[in-house]
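# Working through the structure, step by step
Okay, here's what each chain looks like letter by letter:
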Amino acid sequence: MNFVAVIGVVDQVTKLPKSNDAIINIKVEKTMTNNPDDNWYDLVPVSINRETFASEMKQINHGAIVGVKGRIATIENKLCLVGERMQVF
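Predicted, not measured: the structure shown is a model, and the values here were computed from it.

In this section: the nonpolar core. Membership of the largest hydrophobic core comes to 18 residues, with the highest contact counts inside it found for I24, I26, I48, I60, V66, V68 and M86. For this core, the element with the most residues is strand β2 (residues 21-29), which contributes four residues. Here V66 is in contact with V6, I7, G8, V10, I26, I60, Q87, V88 and F89, once residues within four sequence places are set aside.

Written out as structure tokens, the structure reads:
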């Protein structure tokens with residue numbers, strides 16, 4: 001089963017010019033860090049379809065809290081979360 005759910009803070013939104021997709025980088029809290037100088041978060045790239053999530057895209061900006069349900073896929077030789085459902089809080 002390929003299922004992932006994350007809740008985090010939007011860091012950056014990149015609209016891809018050659019497709020109808022966008023990449024949203026979400027800051028997801030780390031459960032622990034070994035070094036106090038490390039960031040408190042990991043950046044998770046989420047690929048979403050801008051038509052499917054048109055109303056959510058209008059609400060998303062830097063610092064917005066979002067929840068995403070989706071699956072892991074390889075896009076351009078990088079692991080990425082492909083969003084299937086999204087909720088903006």
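Okay, the pairing of strand β4 (residues 65-75) next. As paired strands, strand β1 (residues 4-15) and β4 are joined by six bridges and run antiparallel to one another. Opposite G8, over in β4, you have V66 as the bridge partner. Across 10 bridges, β4 lies against strand β5 (residues 78-88) in antiparallel orientation. Residue pairing across strands places K69 opposite R85, the latter belonging to β5. With antiparallel pairing between neighbouring strands as the criterion, β4 and β5 make up a hairpin whose turn holds two residues, including E76 at a positive phi of roughly 50°.

Take the side chain of S47 next. Mapped onto the elements, S47 comes out in strand β3 (residues 41-49). Apart from the residues lying within four places of it in its own chain, the contact partners of S47 are D21, A22, I23, I75, C80, L81, V82 and G83.

Let us now look at the confidence of the model for the protein chain. The pLDDT averaged across the protein chain works out to 92; a share of 100% of its residues lies at or above 70. Summarising per-element confidence for the protein chain, the mean pLDDT is lowest in helix α1 (residues 54-59) (92) and highest in β1 (96).

Reading guide: rules and limits
Residues numbered from 1 in each chain as written. Predicted model: local features only at pLDDT ≥ 70, side-chain atom pairs only at ≥ 80, totals over all residues. Heavy atoms only, no water. Core = buried A, V, L, I, M, F, W, Y, C linked by side-chain atoms within 4.5 Å. Buried < 20%, exposed > 50% of the residue type's maximum accessible area, 1.4 Å probe, protein only. Helix = DSSP H or I, 4+ residues; strand = E, 2+ residues; numbered from the N terminus. Contact = heavy atoms within 4.5 Å. Pairing = 2+ DSSP bridges. pLDDT = per-residue confidence, 0-100.

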